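What follows is each chain in one-letter form.
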Amino acid sequence: MKQVVCWQPDLVTQVINIDADHVADPVFWAVDTETPLFTRAGEDAPLRQQSTTEIVGAFLAPQLNHFQLAVLGPAGAGKSHLIHRMRQEIERRAGFEVLAIRRLETNLRAVLEKLIARLPAAEQAQYLDDLRRAGPSLSTPAVQKSTLLDSLAQAVEEDAIRPDSKIAADLEQELLRTLPSLLRDPYLRTKKFLNDGEVVPELVDRLFSSREGKRVEEEILFEADNLPLSGINLQNCSAPAREAIEVFLYDSANTIPPVLEVINRNLPSAITRALNFSGDQLGALLGRIRQRLKEEGKELVILFEEFARLQGYDLAMLAALVVQGGDKLCRVRWALACTSGRFRGLPDTVRSRMDLVVDMETSPPRPDLAHFTGRYLNAVRVGGVRLAEAFSTPERVLPNACADCAFRGDCFEAFGSVGATDDPVGLYPFTASALVTLARRSRADDGEVFNPREFQKKVLKPVLIDEASALAGDQFPTMRFLTQMGGAEIENLDRQRLQDAAGARFERYLTFFQLWNEGRLSGASPEIMRAFGLSPIPALNGAGAAAPPPPPAPTAPSTGGVDRTAIVRPAPAADPDAAQLSRWVDGGGLDQSLAHRLRQALFPLIERAIDWDVLGLHQATFSGATGTRPFRNVSVQFTRQGTTGIAKPPVVIELPFQQDPGGFANTALALESLLKFEKTSDWGQSNGLVGLAAVSELVSSCAFEVANQLRNLRGDARWNPIAGAAELLLIGAALGGVISANQSNDEALIEAMFLPMPADCPYAEPRLRTLYDRLSRRREKLQDLVRAHISASKGGRIGRAIDPRVIREAARRLRRDKWSLARTPQPRPDLYVEVGTVYEQVKQDLEPALAAERDGRREWLTAVDAAFGSASKQEVLTAARAVIAATTASGIPVSSKALEDALQSFSSFQYDAAVRAVRTIEAADPPQSELLHYAKGRADAVASASRLIRVWDDFVTAAEADVERKRAEAGIEELSLNVERVNAAIDGLNRELASLGGAR
């Protein structure tokens, strides 16, 4: 037996058609599986367990004159399935007229026609005439919608205040008056009430549509969203409609619920009006049907697969059905399926009279999974045509496709079988354990609730249709199917072992072990493997896994108690991280939480693995778990990871580096091992030496890549931000006078880079002062950046020794370029952004700022030359003090205080150096070519000399004026007596002035 496909894939949908609205009777008969149910003898009675046969027996008990059954449960619980099963069991019994209101097979109007058809032909006319009278006028959906909305408006208009409504009488009266105008307003009908998705169109589908419509478990009622509360233009509404809207918009929290109550309580009347068939007529119709059946000696059985479908007639129907049989009316037994919520909305008189309630909500039915699947597999193998033929025979014997199969013995032994011991059917291509795995993985079974529709959709149909060609073509089971089942749930060490052993067929083996061998790599059935075209792999055996369980013996479906030990439970708690990494390898995503934990575990290992000494970078500058450093936690990225919402840092590695199955598998093994070690601190529990080696290899690869990216952050030769930073440091040092013009060799320049700039700016030009301040404020940061790249380090920490090659070359180039910044910054990561920005600013501003400073110095030098000539600082001080002494000696009463202060200030500055510096930079081209001389002509020295010139000029002018005044005031006698003394003083003063350059 190998690669057998014992069914016709193109005919599978004759049996498994999950998109069909109802299952054909032959198929239902063939696949139906008995499932124990839980019932109550009344709404509030305790639970008990019963089979369908027992429920039908109680339902048809001849000693009972009447029987009411409710099947309660949520959508998908199997309510209509039970009703369908009951119908098939009852309709073959004599003495019963079975009327089934099938789910989705018809509309409400057709339900009424179906009831009318149970009358003798002669009696049908009076009911059909009323029902069909509305036919011509309701020929199109548009007319049907408009008619139903008109009927609703009329029903509200004819309504009256109801004592049991609990609505304030004045509000209720106002609503009854205004709401009809709201429902009739042309604008609101077009804009709101008649739009698809609103209540009226949905009800029209249920009442009139010939299509099968939607599954609706509850009544269709108006809710707040169905009212014109938003998205409308009140100006387009009629005045009466606006008045109605104003009523319920005022204090809407308290008025909208009454609005909904008034509209919804009138929906049943609107429905019966639209169909032109009243609830009273329905009651009379049912009464006449029961009279006829009484005459024929039959009982009426009515089965509602979806009771909500009778909206508008539900209460009238129940009122007719609660009437027990008697002399004129036949017995009636009825069952309805609905949700618990809908059931609680029924009248108390109905609920309290329920003889039996099947509770599919408190305890959902669970079929035996193997028997459930076996029935479907046999039906698929037999085919729809043979099933229909067998169903139509009086005996109804279900064919067994396995009965005459040549592979029967080998197939049953390997894959197992189910059913009666004398007529078993095989589970091929499944096994009992594979079904449990597939039910869990497809989420058709969560351990508490089994969803047959999901199991058919996600397991049976894909295998029997989509995978059939792969089975026949020696490609089964496929990775595609494993992906549909949620991907691999495998430890990554096992994945690597399997990859090494399976080679090119890895994906098939992986799928087989995951889905057909409970996830184990060892202990698989050789017969099953060979049936799928796979050879056993001896290298995977002996790993300590338990031997595979023997195939189950054929068993008959249970009709007794539920064996809870056989219920599908979720798989034992596996390592969720390993499972997610395994799915990631198979193409799944990596959620944000796991990716974050992986970064936190991996980052410090990568950081420690980088040889920062060889790299020549300061670790703390370039690496840190958080912050803005180039390498940080978020630098570690993963393919298909959950988004972080954070901008990528300058250094990014994306794992795996090798984007192929092997790369994903090896990376996942390393990451899984790392997380396990984080939890256990034991490599023995973290995939052992294989896990340690995988982590070591991954960390080494990451460190290598990070180091390369860090090295490349500076970019190419077009722009080296470290050289640029060094040049900026030198410019700042030169402007601050830190570098001597006489000592500008390499060593002096390199040393100057790391010295501070003087706090006081030595310049007068505002632009140069701004530039000086910019360089001063950023100097420490620039120094740190340069040190981080050129300092010899130990373990990534900055040491004293440096590798000066980059900055020495930068210094030499700056000298060659006459202190002009000639580099062109290029875009670089955030670490280097500021260097480029400052460099560009200084490059642009330095020359014009220096030129302006030089122009100011030129003006000053002209004034100095005019005042002092070529006198040195000492000569100026000596001459000025001599003048003060001569003035005092001659008795000239001029205060020398200001001049003495100016001289004191002048004496504290390097006047001679300032003069020389100005004479040097005066002819500099470009201005920065003599940059080292600018700081010597300090602004305070210039200002001090300028002040001395002004004060000196004032002092001499005052002294001369005083001498002239004394000459004029002195008499001839006095003048002749002192002429020699005065002349001597003036001659001395003139000699001192002449010594300062002959200014006076």
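Described below are features of the structure shown in this document. In this text the structure is predicted, and so the values were computed from the model without any measurement.

**Digging into the overall build of the protein**
Then, in step 1: Within the protein, the regular secondary structure consists of 43 helices and 13 strands.
Then, in step 2: Within the protein, counting contacts between residues at least 6 apart in sequence, those at least 24 apart form 75% of the total.
Then, in step 3: Of the roughly 44700 Å² of accessible surface on the protein, a fraction of 50% belongs to carbon and sulfur atoms.

**Notes on the pairing of strand β6 (residues 332-338)**
Then, in step 1: Counting buried residues along β6, seven of its seven residues qualify, which places the element largely inside the surrounding structure.
Then, in step 2: Burial along β6 is two-sided: V332, W334, L336 and C338 facing one way and R333, A335 and A337 facing the other are all buried.
Then, in step 3: Pairing between strand β3 (residues 66-72) and β6: seven bridges, direction parallel. Within β6, the residue paired with F67 across the bridge is R333.
Then, in step 4: Sheet topology places strand β5 (residues 299-304) next to β6; five bridges connect them, and they run parallel. The residue bridging I302 from the neighbouring strand is W334, located in β6.
Then, in step 5: Regarding the hand of the β-α-β motif, the stretch spanning β5, helix α14 (residues 314-321) and β6 is right-handed.

**Looking at the pattern of salt bridges**
Then, in step 1: One pass over the full model with this rule turns up 52 salt bridges.
Then, in step 2: With its nearest N and O atoms 3.5 Å apart, the salt bridge here joins R505 to D474. One end of the pair, R505, is in the loop between α24 (492-502) and α25 (506-516); the other, D474, is in the loop between α22 (468-472) and α23 (479-484), with 31 residues separating them in the sequence.
Then, in step 3: With relative accessibility at 29%, the residue R505 sits in the partly exposed group.
Then, in step 4: In this structure, R774 engages D845 in a salt bridge whose closest nitrogen and oxygen atoms are separated by 3.5 Å. With R774 in helix α35 (residues 766-790) and D845 in helix α37 (residues 830-868), this pair connects stretches of sequence that are 71 residues apart.
Then, in step 5: Owing to a relative accessible area of 28%, D845 belongs among the partly exposed residues under this scheme.
Then, in step 6: Linked by salt bridges that have partners in common, D159, R162, E172 and R265 make up one network.

**Remarks on the side chain of S673**
Then, in step 1: The residue S673 is located in helix α31 (residues 661-680) in this model.
Then, in step 2: Here S673 falls in the buried class, since its relative accessible area comes to 0%.
Then, in step 3: Setting aside anything within four residues of it in sequence, one finds S673 in contact with W683, S686, N687, G691 and V695.

**Quick look at the sheet that holds strand β2 (residues 47-50)**
As a general point, the strands of a sheet are linked pairwise by backbone hydrogen bonds and lie either parallel or antiparallel.
Then, in step 1: Strand order in this open sheet of seven strands is β2-β1-β7-β3-β6-β5-β4, and the pairing throughout is mixed. On the outer flanks of this sheet lie β2 and β4 (96-101), each paired with one strand and no other. Averaged over all neighbouring strand pairs, the angle between strand axes comes to 20°, with direction disregarded.
Then, in step 2: The strands touched by helix α13 (residues 279-296) within the sheet are β4, β5 and β6, with β5 carrying the most contacts at an inclination of about 135°.
Then, in step 3: Packed on one face of the sheet, α14 meets β3, β5 and β6 and runs near 150° to β6.

**Examining α14**
Then, in step 1: A large share of α14 lies buried, amounting to six of its eight residues.
Then, in step 2: Along α14, the positions that sit buried rather than exposed are D314, A316, M317, L318, A320 and L321.

**What to know about the nonpolar core**
Then, in step 1: Core analysis: the biggest nonpolar cluster contains 88 residues, and I606, I731, L735 and W819 have the highest contact counts within it.
Then, in step 2: The element that contributes the greatest number of residues to this core is helix α33 (residues 721-735), accounting for 11 residues.
Then, in step 3: Ignoring sequence-local partners within four residues, the contact set of I606 consists of F631, V636, I653, V699, C702, A703 and V706.
Then, in step 4: Counting residues in each nonpolar core, the second largest holds 79 residues, with L227, L275, L282 and A320 among its members.

**Notes on the packing of aromatic side chains**
Then, in step 1: The full count for this structure, using the stated rule, is 23 aromatic pairs.
Then, in step 2: Measuring from ring centre to ring centre gives 6.1 Å for F372 and F455, while their planes differ by 65°; the resulting arrangement is edge-to-face. One end of the pair, F372, is in helix α17 (residues 369-382); the other, F455, is in helix α21 (residues 452-466), with 83 residues separating them in the sequence. Of the two residues, F372 and F455, neither departs from the other in class, the shared state being buried.
Then, in step 3: A centroid spacing of 6.1 Å and a plane angle of 80° characterise the contact between F512 and F532, whose relative ring orientation is edge-to-face. One end of the pair, F512, is in helix α25; the other, F532, is in the loop between α26 (526-531) and α27 (576-585), with 20 residues separating them in the sequence. Both residues of the pair, F512 and F532, belong to the buried class.
Then, in step 4: Taken together, the ring pairs connect W7, F415, Y428, F430, F476, F481, Y509, F512, F513, W516 and F532 into an aromatic cluster.

**Comments concerning unusual backbone geometry**
Then, in step 1: The omega angle of the peptide bond from Y428 to P429 is 10°, so this bond is cis rather than trans.
Then, in step 2: Residue placement: P429 occurs in the loop between β9 (425-426) and α20 (432-441).
Then, in step 3: In the segment running from F476 into P477, the intervening peptide bond is cis, with an omega of -5°.
Then, in step 4: Topologically, P477 is positioned in the loop between α22 and α23.
Then, in step 5: Positive phi values are uncommon outside glycine, yet Q3 reaches one of about 55°.
Then, in step 6: Mapped onto the elements, Q3 comes out in the segment before α1 (25-31).
Then, in step 7: Positive phi, normally seen in glycine, also occurs at K166, with a value near 65°.
Then, in step 8: The topology assignment puts K166 in the loop between α6 (141-158) and α7 (169-184).

How each quantity is defined
Residues numbered from 1 in each chain as written. Predicted model: local features only at pLDDT ≥ 70, side-chain atom pairs only at ≥ 80, totals over all residues. Heavy atoms only, no water. Helix = DSSP H or I, 4+ residues; strand = E, 2+ residues; numbered from the N terminus. Contact = heavy atoms within 4.5 Å. Areas by Shrake-Rupley, 256 points an atom, 1.4 Å probe, with all protein chains shown as cover. Buried < 20%, exposed > 50% of the residue type's maximum accessible area, 1.4 Å probe, protein only. Pairing = 2+ DSSP bridges. Right-handed = clockwise from strand over helix to strand, strands pointing away. Salt bridge = Lys/Arg side-chain N within 4 Å of Asp/Glu carboxyl O. Axes fitted to C-alpha atoms, helices over the stretch in contact; angles between N-to-C directions. Core = buried A, V, L, I, M, F, W, Y, C linked by side-chain atoms within 4.5 Å. Phe/Tyr/Trp six-rings, centres within 6.5 Å; stacked < 30°, edge-to-face > 60°.

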